[in-house]
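Here is how the chains run, residue by residue.
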Amino acid sequence: MKLQSLLKDTIIYGLSSIVARFINYLLVPIQTKRFAAAGGEYGIITNVYAYVSLLIILLTYGMETTFFRFMSKEGENPQRVYSTTLRMVATTSLVFAAIVSVFLQPLAGIMGYSDHPEYVWVMFVTVAIDAFVAIPMAYLRYQHKPVKFASIQIFNIVLNIVLNLVYLILLPALEWNPFGIYDSQFTLEVVWVFYINIFCSFVKMLLLGKELRGIRFGFDRSTCKRMLGYAWPLLVMGLAGQLNQAASQILFPYLYDGSAEEAHAQLGIYGACIKIAMIMVMITQAFRYAYEPFVFGRSKDKDSKQTYAEAMKYFIIFTLLAFLAVVGYMDILRYLVGESYWEGLRVVPIVMAAEIMFGIFFNLSFWYKLTDRTIWGAWFSGIGAVVLIVVDILFIPRFSYMACAWAGFAAYGVSMVISYFAGQKYYPINYPLKSIAFYFSLTAVLFVMMTQCNAHLPLWAALVVNTLLLLVFLAVIVKRDLPLKSLPVVGKYFR
């Protein structure tokens, strides 16, 4: 029943995440076709969003996980915890927006956008709104309202897509220039992509009006102090962890051996192609949305460790299945990005493998969250970030964006390994290592076979063979770990 509860929430979050990401993927072909690789516009989008991904961690400063921890603690008043969290994040977001407004020109200069400070202002204010909105969204998860959570997420993304379509395609095709947003040649400007984003974030906040009423329950200084004591290592850990995803895209323009325009062009190729690898982010994010409240809620159960071990195994199995599916159908998935970006597709398997290791690291991380040793997470992520930055500095000048892909792989791999061994010392869990190793080995063999098929067979033949190889993997899963006779409804047909 416990895993079924986790599975139910994961399916809802997962389907909504997959649908939302799939819809959001529409931005990739739209933007990469309208902004050619050589122009560097998509590289600017990639670079600015890398800063945003770090800032959202900074401005939420571990309060999502802290919120779940304190809402489930004995002796805490849930309403007061929620209200205090809302007020804390609202205050820091407002202060951040004010600082950005005052020091906008120096910040834009440091980032390389002194000629376009509006890029920085729009996206940094957007991230301040998103940080505040993250708390009521976490409250929906706490209340086990995955449907409302998913509906808001999907609506927000659909709105973003529609407005991008209107600006990038519809209005230029109609040669309609409302409010003078285009010049006489209908030249597309990156800043309008950012304006659309801030509008969508504001709409999302309005949709959470009911949840935001929780702010009226007041602010408790003692609760704030205790929450910050728990959260600050999570902030360090989160920043270090996000550096593993964003640092390469931030550092690339500074380290690339070429002009700024060429650097943005190369970064755009990398940024577009790793979108295909984000299937792993979907799965990890969906699992996290359900797993975080699940773990804290089950921490007192006698068999909790066994449950965590089983969850880890199934997480690995299905992420490896997703990995093989992307590799097997790469010749179709490549159309998610403009043809001028295809040269970067070789990074996709590397980035996906790195994301699998990040997912494992996330699952391992609960030993220090449950034992209130969150500082360990900061150390693990920090070490990984150092590895990534060193690899970037040493190899980006020589190997361009391929160095970025391998830097993330190395960083997540190091963080995963050291977290496992430390966890076995302080919170030992008997993970089924032999079974996990078997699936990794099988995946490696099938990966080599699929890549050879993609390289040497006609498209139709490669798709047929790769589909058969995927079916082999599924058959092994069913035979070893998911017997059909044990499933509800369909199981009766296999007994």
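Here, every reference points to the structure presented above.
From a predicted model like this one, the values you see are computed outputs, not experimental measurements.

Reading the values: rules and limits
Residues numbered from 1 in each chain as written. Predicted model: local features only at pLDDT ≥ 70, side-chain atom pairs only at ≥ 80, totals over all residues. Heavy atoms only, no water. Helix = DSSP H or I, 4+ residues; strand = E, 2+ residues; numbered from the N terminus. Expected span 1.5 Å × (residues − 1). Buried < 20%, exposed > 50% of the residue type's maximum accessible area, 1.4 Å probe, protein only. Contact = heavy atoms within 4.5 Å. Salt bridge = Lys/Arg side-chain N within 4 Å of Asp/Glu carboxyl O. Core = buried A, V, L, I, M, F, W, Y, C linked by side-chain atoms within 4.5 Å.

**Structural notes on helix H16 (residues 348-364)**
For step 1, the next point in the chain: Between the first and last C-alpha of H16 there are 24 Å, a value that for 17 residues agrees with the 24 Å anticipated at 1.5 Å per step.
For step 2, the next point in the chain: Judged by how many residues are buried, H16 sits mostly within the fold: 16 of 17 residues are covered.

**Remarks on the environment of Pro397**
For step 1, the next point in the chain: One can find Pro397 in helix H18 (residues 375-399).
For step 2, the next point in the chain: Pro397 gets classed as partly exposed once you look at its relative accessible area, which sits at 38%.
For step 3, the next point in the chain: Each C-alpha atom of the pair Pro397 and Phe252 lies 8.9 Å from the other, and the pair is 145 residues apart in sequence.
For step 4, the next point in the chain: Apart from residues lying up to four places away in sequence, Pro397 is in contact with Leu255, Asp257 and Asp392.

**Some thoughts on the pattern of salt bridges**
For step 1, the next point in the chain: Within this structure, the stated rule accounts for 3 salt bridges.
For step 2, the next point in the chain: Residues Glu64 and Arg141 are paired through a salt bridge, measuring 3.8 Å at the closest nitrogen-oxygen approach. One end of the pair, Glu64, is in helix H4 (residues 63-71); the other, Arg141, is in helix H7 (residues 117-142), with 77 residues separating them in the sequence.
For step 3, the next point in the chain: Assessed through its relative accessible area of 1%, Arg141 is described here as buried.

**Concerning the nonpolar core**
Buried together is how nonpolar side chains tend to be arranged in soluble globular proteins.
For step 1, the next point in the chain: Phe194, Tyr270, Val347 and Phe473 are the most contacted members of the largest nonpolar core, which has 150 residues in total.
For step 2, the next point in the chain: The element contributing the most residues to this core is H7, with 17 residues.
For step 3, the next point in the chain: In this structure, Leu388, Val391, Ala407 and Ala411 belong to the second largest nonpolar core, which totals 5 residues.

**Structural notes on the environment of Phe447**
For step 1, the next point in the chain: Relative to the elements of secondary structure, Phe447 occurs in helix H20 (residues 433-456).
For step 2, the next point in the chain: The spacing of Phe447 and Asn466 is 19 residues in sequence and 9.5 Å in space, taken between C-alpha atoms.
For step 3, the next point in the chain: Setting aside its immediate chain neighbours within four residues, Phe447 contacts Phe323, Leu324, Val327 and Pro349.

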